[in-house]
Amino acid sequence: QVQLVESGGGSVQAGGSLRLSCARSGNTYSRFCMGWFRQAPGKEREGVATITGGGSTDYADSVKGRFTISRDNAKNTLYLQMNSLKPEDTAMYYCAATRTWLCPRKQYEYNYWGQGTQVTVSP
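Just so it is clear, the structure is predicted and the values come from calculations on it, not from any experiment.

**Q** Which parts of the structure should I look at to understand the nonpolar core?
**A** Side chains of nonpolar character tend, in soluble globular proteins, to be buried together. Ranked by internal contacts, the top residues of the largest apolar core, which has 28 residues, are Trp 36, Leu 80, Met 82 and Tyr 93. Of all the secondary-structure elements, those providing two or more residues to this core are strand 1 (2–7), strand 3 (18–26), strand 4 (34–39), strand 5 (46–51), strand 7 (67–72), strand 8 (77–82), strand 9 (91–97) and strand 11 (117–122). Counting residues per element, this core draws most heavily on strand 9, at 4 residues. Discounting chain neighbours no more than four positions away, the residues touching Tyr 93 are Glu 6, Leu 20, Phe 37, Arg 38, Val 48, Phe 67, Leu 80, Met 82, Gly 116, Thr 117 and Val 119.

Given below as structure tokens:
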């Protein structure tokens, strides 16, 4: 069984930066797809960024050029560097993992989810 624990959320002013971390334990085989998702109040959960087992990345249009997803396989940790934050980035951010090399298109295909970390961006 895989456990995912997010950290690094907080409150920041618009234009600021935060780095989220997701520590993976349990089955620590590192070559799985992992991703970051977020859910704002009253909205559906949406994909933010994904990284395949081989390190290929993909981003939502709303965060391209501002967010960077990366992974440290030796530390079993996933990161999300968030720069130039905007109030519309305010949400609960979740880390998720699969049992596949490539990243699935549907959220329900992610097998493991963390509890989330809150990011709040003030104007």
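Now that the structure has been shown, we can carry on.
**Q** I would appreciate a short explanation of the state of the cysteines in the present structure.
**A** Two cysteines, two sulfur atoms, one covalent bond between them: this is a disulfide. What the rule picks out here adds up to 2 disulfides. Put simply, Cys 22 and Cys 95 are joined by a disulfide, and their sulfur atoms are 2.1 Å apart. The sign of the -70° torsion about the S-S bond sets the Cys 22-Cys 95 disulfide as left-handed. Here Cys 22 is found in strand 3, whereas its partner Cys 95 is found in strand 9, with 73 residues between them in sequence. On the accessibility criterion, Cys 22 (0% relative accessible area) is buried.

**Q** What's the story with the packing of aromatic side chains in this structure? I'm lost.
**A** Two numbers describe a pair of aromatic rings. These are the distance of the centres and the angle of the planes. For the coordinates displayed, the defined rule picks out 3 aromatic pairs. Ring plane angle 80° and centroid distance 5.0 Å describe the contact between Phe 37 and Tyr 110, whose orientation is recorded as edge-to-face. Taken together, the residues Phe 37 in strand 4 and Tyr 110 in the loop between strand 9 and strand 10 (112–113) connect sequence positions 73 residues apart. Members of the aromatic cluster, each reached through a chain of ring pairs, are Phe 37, Tyr 110 and Trp 113. Directly above the ring of Tyr 94 sits Arg 45, whose terminal nitrogen or CZ lies 6.0 Å from the centroid. Taking the ring centre of Trp 113 as reference, the NZ or CZ of Arg 45 above it sits at 3.8 Å.

**Q** So what exactly am I meant to see when it comes to the environment of Leu 80 here?
**A** Within the secondary structure, Leu 80 is located in strand 8. Separated by 45 residues in sequence, Leu 80 and Gly 35 have C-alpha atoms that sit 9.2 Å apart. Excluding anything up to four places from it in sequence, Leu 80 contacts Leu 18, Arg 19, Leu 20, Trp 36, Val 48, Ala 49, Phe 67, Thr 68, Ile 69 and Tyr 93.

**Q** Whenever I open this one, the side chain of Thr 117 confuses me. Can you help?
**A** Position of Thr 117 relative to the elements: it lies in strand 11. Within the local environment of Thr 117, its side chain forms a polar contact with the backbone nitrogen of Gly 9, the two atoms lying 3.1 Å apart. Residues within four places of Thr 117 in sequence aside, it is in contact with Glu 6, Ser 7, Gly 8, Gly 9, Leu 20, Ala 91, Met 92 and Tyr 93.

Definitions and limits used
Residues numbered from 1 in each chain as written. Predicted model: local features only at pLDDT ≥ 70, side-chain atom pairs only at ≥ 80, totals over all residues. Heavy atoms only, no water. Core = buried A, V, L, I, M, F, W, Y, C linked by side-chain atoms within 4.5 Å. Buried < 20%, exposed > 50% of the residue type's maximum accessible area, 1.4 Å probe, protein only. Helix = DSSP H or I, 4+ residues; strand = E, 2+ residues; numbered from the N terminus. Contact = heavy atoms within 4.5 Å. Disulfide = S-S within 2.5 Å. Phe/Tyr/Trp six-rings, centres within 6.5 Å; stacked < 30°, edge-to-face > 60°. Lys NZ or Arg CZ within 6 Å of the ring centre and 35° of its normal. Polar contact = N/O pair within 3.5 Å; in protein donor to acceptor, adjacent residues only side chain to side chain.

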